[in-house]
Structure formats: C-alpha cells, structure tokens
Amino acid sequence: MIMRLALGLMIMLPASLAVANAEGTGAHRPMAPRSLHVVGDDNYPPYLFRNDDGEVEGYLVDLWRLWERKTGVPVTLTATNWAEAQRMIADGRADLIDMIYRTPQREPLYEFSAPYADLPVVIYTHTTIGGISGVSTLKGFQIGVQSGDACIHQLANHGITTIVEYPNYTALLAAAGRHEIKLFCLDEYPANFYFYKTHTQGDFRKAFELYQGQFRRATRKGDTATLTRVEEGMRLILPEEDAALRKKWFGTPLDIGVYGRYIGWGLLVAAGAALLLAALSMALRRQVAHKTQTLNAALAELREAHAATSEAEQSLAATLQAIPDMLFEFDTGGHYVNVFASRDDLLVASPAKLIGKHLTEVMPGQAAQTVIDAINAAATRGHDYGRMVRLSLGDGAEHWFELSATRKQTGGGETRVLVLSRDITERREAEQAILAAKEAALVADSNRHFRALFEAAPVALAYCQGERIESINQRFIELFGYRPADIPTLAEWWLQAYPDPDYRQQVLQTWDAAIARAAAGDGRLEGLEYCVTCKGAEKRNMIIGGQLLGDGFIATFTDITLIRETEATLKLAKEAADAANMAKSSFLANMSHEIRTPMNAILGYTRSLRRGSLPPEQVDRLDKIEDAGHHLLAVINDILDISKIEAGKLVLEHTGFHLGSIIDYVRSLIAEAAEAKGLELSVDYDEVPLYLIGDPTRLRQGLLNFASNAVKFTSTGRVALRTRLEAWEGEHVRVRFEVEDTGIGIEPGQVQDLFQAFRQVDASTTRKYGGTGLGLAITQRLARLMGGDAGVDSTPGAGSRFWFTARLEVGIAPAEDKPAETSSTEAQIHSLHAGKRILLVEDDPVNQEVAIELLSETGLEIELAGNGRIALDKASNSAYALILMDMQMPEMGGLEATRLIRELPAHRLTPIIAMTANAFDEDKERCLAAGMNDFVAKPVEPERLFTTLARWLGRPR
C-alpha cells in the first residue's frame, strides 16, 4: 500500500504542477471544433491497459474522457501494441500519441509536449544470473525489449545491440518465464504490476536503473497546432479533478499534515513498543537456536558432499587410467594446471615437469600454437574440436593427436580449459593407406579413360617421354600419314617433318626455347606456327603446343592450312580492291584536274569578257557559258564528294557560324530563279539558337541541294526554308533543316530510290528535268556524318517537304561584329600592295593568260615561271612578296619546287599559295606539308583568290 501511495505521489506532482501553471495563465484560446484520435500502449498499467475481459481501462481512459467534456472535441482513444501505435502516427492514422519518451532518435519524427510524469526504466535479470550491475556488464547478453520502446535507443547509445524485440510487455515477460531471455528492459511500474499479477516476483530481480524516462504527448513533426490545442485542453482540467483520477488509479498520496495530529499518540505507542522489544528478544533467542540447529545439519550435508566429491574424483582418475586418452587442464594463458594420463610414454615430459610450464616451453612451435589456438577458441566459444598436432616422442616415431577442448569455471570464478588428447597415429596411417589404394585405383581407371579420350580427340596428339614418341592418336595418323613405326623417336620426327636442314634448325631452336619457357612457368607449351611436311610430301601449316608431364610432354597439333590459304586469298582480294580504289582515286583526281584546268580558262575568259562593253545578246551568251561552266563544276564536285564519303575520307569542319549564314546564303542563291518563276520564298528560323558550331559549308551544301530541287520542280506557289529545334542534348542541339514546296510531288513507290547515288525518279531519255542524281544522296550521307539523317514527306501533285537533321554544338555570340567592308578586296590590294612583285608558277599558257588578266587590276607586278625548276632559279636570284604555285608541271612539280624554295634563306617566310586543279583534301594536305601557306582550287573564284592574296600580302614577315 505504501508503494502504491508513493507511486501516486510521484506521478501526480508533475502533472498537478503543469495544471496549476496552466490555470495560472488565465485565458485560453477556444479549440477548433474537430475530433481527436489518440493512440497509446495497451500494456502500461495503471495508465492504460486491458483488464482480464480484454477491455481497455486506466488513468488515461478517464483523463481523455474528462478532456473531451472540457473541450467539446470528440476523442477516439485507441490502445494497441507500442510499435503499432508509433506506426499509426507515422502514416497519419492517428493525431496524437500518449505516454512517449523523448529521445534524439525521435526528435525528427515528433513534436513533443512538456513532460507530465517521471518513470524509472529498469534492467531486470533472472534470479539465476548474477554480476549485472551496470550497462558495461550487459555486453554479450541478449536483452529482451518491447518493440518500439525508447530503451532500444538508450541501449544502442551504449553500444548494446543484442536486442530481442517482443510486441508487448506481456509477451516479453512470458518469454522471460520460458527462459528464452535472462535479461530484459522494462518500465518499473508496469513491471511491478505484472510481477504481482503473474506471481513471478520471486523469479526476477531488479539489476539496476537504466535511466529515468518522462511521459510526454506528441504529434507528427510539424503539427504544432494539434499539440497546442491538446495542451490548452489539459490546462482546462482542474487540479482537484486530476487528483481524483490519480487517487482512483494510483491510490491516495501521502499527506504529512493529516497525520501530524497523531504525533503525540505516536510517542505513547513508542513506549509500548519498548515493551514489545523485550518480547521480541526472547523470540530472537529461540530463532538463533533454531538457526544453529539448521547450520549443523548443513555442515553434515557438506561433509557428505565432500565425501561424494572425493569418490567422484577417484572414479574420474580410474576412468582416465582405463582409457587411452590424455586429459590436460590449462589456464587461459596456456600453462599446464593438471595432467591425467594412463601412459607417460605419450607425453612430451612427465606430469611433474609439465605442471606450471607454458606450452611453448615443452612443445615444438607449430604444435604448441595449435594447442594454444584450441584453448583460445574453447575459452571464447565454450568448446573446440578436431584440431590435430604432430609430435616426435621418446620412441623416435612421429605421433598424431586429435584435440577436443571445453571451457569450465572454477569455484573462484576463474576460467580453465580442459583438453582431451587422443593418439590417432594408427588410425591416420590406416587412412593414408586406404587413400593411397584409392588413388592407385583412380590412376588406373584414369589411364583407361585418358587413352580413350586420347584416341577419340578431334585434334592430332602425340605423347613423348624423353626422346621417344610413346604414342600418337588416330587423328595424327590421318593428318600426317605417319605411323608409330615411322617416327619412333623425336629425332626421326624432326628429320621427316622438316626435311629442309635450315628450317629444321630454326624449328629445333624455337621448340627448345618453348620447352624452357614452359618448364620455368606453369608447364604449358605455347602454341606456335610451324610448316610440317606430311608423309606424302604435302606441306601443312600447324599450330603446335601442349603441356609438360613429368619428364615428357603431350603435343597438340592444330591444322590452320585452310585458314592460311583463305588469308592469302583474302590478301590478294584486298590488294586487288586497294589497287582498284587507288585506280579509282587516281582516275577521279586526273579527271578533276583535266576538267578543272580548261574550266579555269573558260570561266576566266568569261569574266574577262564581262569587263568590256558588250551587246545584250553577247552578255546573255556569256551568262549561259558561265552557268554551263558552273553546272559542270558542280557535277565534278558532287562526284568528288560522293567518292570521299564512300572512302571515309571526308573530314567535317568544326567552326562557329551564324545560322543566318546558312539560311540567308541559300535564300540569296535561289532568290533570282524563284522570282523568275513567280514563286513566293519564305524563311522561318523557329527557336533554334543563332550561334552554332559545326560544318557550315556542308550544311549550306545540303540545304542548297534541297532548295535548288524545290525551285526546279515547282511551277507555281511557294518554297519555304525552315529550321526546327528537335532536341537539346547537353551542350548540343539536334536541328532539323526543311525545304517545303508546292511542286509536282513524288509517288510513294519512288521515294525509296531518291537517296541512292546516280538514281533519279525519272531516268528516261524524255525526262523533263535534268540532274546527275547525286545531290540527295550526298545530302543524306552528309547528314549522317553530322549525327543526323535525311528524308522526305511528299504528296503527288501537292508538293514535298525534304528535311535533314544535324547534331551541332551551341556556340557563343562574338564580342562584336566587324563592320562591313565598303570597297572590294581587289581595290584594297591595289590600294595597299600596288607595285609588289609576285611570282606566278603555271605551265599552261592559257591559264597563265587567265591569271594575268584576273590580276591585272590589282596593281601587282607579275613574273611568270613555266615550271618548278624555272621558279626555283628565279627565286634564287630575286625577292618576291608572294608566290602562286601550280602542282602538276613538267620537269619539276610544285611540291618539290616549294620544298627547295623554302631552303633558300630569302624565301623561308615568303607566302606560297597553291593555285591548282588538284582539288582533293589530300592534295591540300600535301601542299601544306610541302611548305605552302594556303590553297586555292581551280577554276579560280576571283573573290576567293583576292581574299587569300590580301590576307597573306598584309602579313608582316
């Protein structure tokens, strides 16, 4: 009863103070009219628990009913196991959890109220367990806890993680009663309740108080509004109302003032007590006499037990004498404490010499370490079995002993280890003999299997021992034609398989080196290629390797004759293909050169004629000549492009450009033709970044191919040039270029041939529209080189939309745009460089005349050289501001002349510009490698030539 009063007093005081403080604040905010779902542990008497009928009752049931009446807010109180209660708060099935301790691990999960009760949390042990006095003594034990309990966190903070969780206190105590666990953590108040209820208070004892917990109420993290409203409601409960509830469930608190009036009476009672003491003294004397009698009986029992122990020791000694095993007792440090042996000849020394010695003092190092390992394992785990030691004893023979060790505790609590040692020498010898017999049988059986496999192997095999060839398989005979009688020794094999003495010597050196490498390594003979002569004089290419076996080896022979013949055939085919490709490249280069050279003259003279005053009909004819020349040049360039792409030699530029330089350039080129047909021409950039990095030349080429076709095949309507942003890919964008027209369209069955080289929709002799059929194929292949593709959507009679995509980097706008030049480059050369001497190295008289005519307005002094040798002579004796150099010339070409001119001190820095009809990229690379500074292809575009001249003439030297 006193304990119950104290419990009520301790629990009531904090809550009463909290209520008093709440009332002292005066006013409170009105509660929001809604329901409240409270959850708690149904296993915590007297706060909240289930009675024998399974109904929930306790202090909190009445408290929350009172709260509901005070606030007018309906309360649902759910009592469940503690882990489930926490899950209900976590997943939002409840608003508030009651009776929860505040821990660092729970801080991120809950908003906590102020504490309203202090409760001790205790470690309990079974009465059979002693020595548990603090957290450090818990290590190594399994601790029973209720799932979700705060003591799990407290134990973990001390490094105790050997936890066994149970759903509630009832299950926890039931497990302790079944001895599943010997130690458990429990709040003291419900523990006392259940101990008395289950009559198990004598089975367990309080080891120590783990910590003091404090009951709080909590909501989910961030829900401070609900917690505030709950606390405000609690402050509405009057102290006397709370005291009544606590009196009901915890008993009446001890009130010292009430009992003060009885102090006087207590003094009188004390006097009476003195009289009672005398009576008690008489009773104590009788009890002492009884205890003395009991002690004498215990001493008699002890003497009997001692006698029984002595008899047991004698029986043990007799037993040990009767069995061949030896028993040793060691301390945990490896010192002999006791020795029991029936045969001293199996000991490394007599028992008297062993007692007190350390193992390393009497046994060899490895054997001593094995016994020490067994002692350590048994001291740690309780037992150890199966270790073996080998010892040489007094008889000179080796003996094997098998060890079994177990741990024991002395009366003083000291740990000892008992080691039973059994001589297993005869058993081991018998086992070895049986094993040897089994191995011999296995070897015999293996030899039979090996021979069968040897003969059935699909590759040629030979087994050699020493210098003799012991065996060859059937595949060897079929492959080479040699039988065992033909090649009994390796010497015979070398002579017949390698009849050429020089080659035989080379093979012998190679084979001996392979044998030496195999012997130094893992025995595997490296497979090497040899040419073997068969019995019928046929030669075969073989890969010969194998494996060393003792003083012999197995050789393997893999026939690669067919592989070598195939390789030779493929090599010849490749050489033929390379020769054909070289011939094709040479033909294209020569064709290009031979066409460009006269084309340079045609276009050059056309431009020269334009400078004069001509009648309109002659101007029209010159326009047609120039158009025809440019058309022929475009055909040549297309053929060269498709050839480069097929050969994989087309190299894309990687330079920054403005999107307008692609779209506006193409628009300007087709504008005149579109206007002549009355076509509407439009441009749409969409949201494509204006500054990009890629190959602007190839983008213009592809878009121009589509745009030119659109104008060609459209009689009325419109042509639209568009760009579309398909996707961002990091620092890259995928851009779609489109040309849409209202032309004649394409039949669906003809679309598949559009992008094939030299294929046209209409290839008849009566076709209306011209063309080589290369433009679309080139555009598609260029698009694929740029990470995209090309295609078309078309409706016959309605028009077509041709498109290609390219993957381009996003560029950066230049710092500032250069102002447009107001005068022509030709005029600038005349203004800045008139009078400077340049050397024109050109063997063709017509092209000489065209070049001189083209440069006539620049003010430059031009000196001619008909070939590279003349140019070298002139450069040796004169200084020039710049040299224009052709490549193909008689006597000495431009490349050789350039290299020799660069050796002249006066012309090491003189700009040398290639001006040649050799227009391949590799031609440009050869020119730059020879020492030229720049490259201008024929037919020469005047503005390109003037720009190149202006750039190099203006550079300081």
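The preceding data block contains the structure.
Residues numbered from 1 in each chain as written. Predicted model: local features only at pLDDT ≥ 70, side-chain atom pairs only at ≥ 80, totals over all residues. Heavy atoms only, no water.

**With respect to helix α19 (residues 660–677)**
With 18 residues, α19 should reach 26 Å at 1.5 Å per residue; the first-to-last C-alpha distance of 24 Å fits that figure. The complete set of buried residues in α19 reads Gly-660, Ile-662, Ile-663, Val-666, Ile-670 and Ala-674. Considering only its buried residues, α19 is in contact with β23 (655–658), β24 (680–684), α20 (696–712), β26 (718–729) and β27 (732–741). Gly-678, located one to two residues past α19, shows a positive phi value of around 75 degrees. (Helix = DSSP H or I, 4+ residues; strand = E, 2+ residues; numbered from the N terminus. Expected span 1.5 Å × (residues − 1). Buried < 20%, exposed > 50% of the residue type's maximum accessible area, 1.4 Å probe, protein only. Contact = heavy atoms within 4.5 Å.)

**Considering unusual backbone geometry**
In this structure, the amide linkage connecting Pro-45 to the following residue, Pro-46, adopts the cis form with an omega of 0 degrees. As for its placement among the helices and strands, Pro-46 is situated in the loop between β2 (43–44) and β3 (48–50). Along the chain, Lys-938 connects to Pro-939 via a cis peptide bond; the corresponding omega equals -5 degrees. Structurally, Pro-939 can be placed in the loop between β34 (934–937) and α27 (942–953). Positive phi is not limited to glycine here, since His-199 has a value of about 60 degrees. Considering the arrangement of structural elements, one finds His-199 in the loop between α6 (188–198) and β12 (204–220). Exposure remark for His-199: the relative accessible area of 66% places this residue in the exposed category. A positive phi angle, near 70 degrees, is found at Glu-891, a position not held by glycine. Position of Glu-891 among the secondary structure elements: in the loop between β32 (882–885) and α25 (894–902).

**Quick word on the packing of helix α22 (residues 825–833) against α27**
Running from amino to carboxyl end, α22 crosses α27 at an angle of 30 degrees, the nearest separation of the two axes being 9 Å. When the axis of α22 is compared with that of α27, the two are roughly parallel. Relative to α27, α22 is oriented so that their crossing is left-handed. Seen from α22, the contacting residues are Thr-825, Glu-826, Ile-829 and His-833; seen from α27, they are Glu-943, Phe-946, Thr-947, Leu-949, Ala-950 and Leu-953. In the contact of α22 with α27, the residues fall into 5 nonpolar, 3 polar and 2 charged. (Axes fitted to C-alpha atoms, helices over the stretch in contact; angles between N-to-C directions. Parallel < 35°, antiparallel > 145°, perpendicular 65-115°, else oblique. Left-handed = near helix turned anticlockwise from the far one by under 90°. Nonpolar A, V, L, I, M, F, W, Y, C, P; charged D, E, K, R; others polar.)

**Thoughts on the pairing of β32**
Going residue by residue along β32, you find Leu-882 and Leu-884 tucked away on one face and Ile-883 and Met-885 tucked away on the opposite face as well. Where strand β30 (residues 837–841) and β32 come together, 4 bridges link them in parallel fashion. When the bridges of β32 are listed, Ile-838 appears paired with Leu-882. Sheet topology places β32 next to strand β33 (residues 912–916); 3 bridges connect them, and they run parallel. Bridge pairing in β33 places Met-885 opposite Ala-914. Handedness of the crossover joining β32 and β33 through α25: right-handed. (Pairing = 2+ DSSP bridges. Right-handed = clockwise from strand over helix to strand, strands pointing away.)

**Section: the packing of aromatic side chains**
Under the counting rule described, the total for this entry stands at 37 aromatic pairs. When the ring of Phe-480 is compared with that of Phe-557, the centres are 5.5 Å apart and the planes differ by 75 degrees; the resulting orientation is edge-to-face. Placement of Phe-480 in helix α14 (residues 474–480) and of Phe-557 in strand β22 (residues 552–559) is noted, with a sequence separation of 77 residues between them. Residue Phe-557 is classed as buried on the basis of its relative accessible area, which comes to 5%. Site record: aromatic cluster; members linked through ring pairs are Phe-476, Phe-480, Tyr-482, Trp-493, Trp-494, Tyr-498, Tyr-503, Trp-511, Phe-553 and Phe-557. If you follow Arg-217 out to its NZ or CZ, it ends over the ring of Tyr-116, 4.1 Å from the centre. Lying over the aromatic face of Trp-400, Arg-428 brings its terminal NZ or CZ to 3.8 Å of the ring centre. (Phe/Tyr/Trp six-rings, centres within 6.5 Å; stacked < 30°, edge-to-face > 60°. Lys NZ or Arg CZ within 6 Å of the ring centre and 35° of its normal.)

**Brief notes about the sheet that holds strand β16 (residues 398–409)**
The 5 strands lie next to each other as β14-β13-β17-β16-β15, forming an open sheet whose pairing is antiparallel. Each of the sheet's edge strands pairs with one partner strand only, and the pair in question is β14 (336–340) and β15 (383–392). Averaged over all neighbouring strand pairs, the angle between strand axes comes to 25 degrees, with direction disregarded. When strand β13 (residues 326–331) meets β14, the two strands line up antiparallel, connected through 4 bridges. By the bridge assignment for β14, Phe-330 is matched with Tyr-336. Sheet contacts for helix α12 (residues 365–381): β13, β15, β16 and β17 (415–423); angle to β15, the most-contacted strand, approximately 170 degrees.

**Quick word on the side chain of Asn-705**
Mapped onto the elements of the fold, Asn-705 is located in helix α20. Looking at Asn-705, its side chain comes within polar contact range of the side chain of Thr-779, at 3.0 Å. Once you skip the residues sitting within four places of it in the chain, Asn-705 turns out to touch Gly-775 and Thr-779. (Polar contact = N/O pair within 3.5 Å; in protein donor to acceptor, adjacent residues only side chain to side chain.)

**Notes on the sheet that holds β34**
Pairing is parallel in the open sheet, where 5 strands are placed in the order β31-β30-β32-β33-β34. The sheet is open, and its two edges are formed by β31 (861–865) and β34, each paired on a single side. Between one strand and the next, the sheet's axes are offset by a mean angle of 20 degrees, whatever the strand orientation. Helix-sheet contacts for α27 involve β32, β33 and β34, and the interaxial angle to β34 is about 165 degrees.

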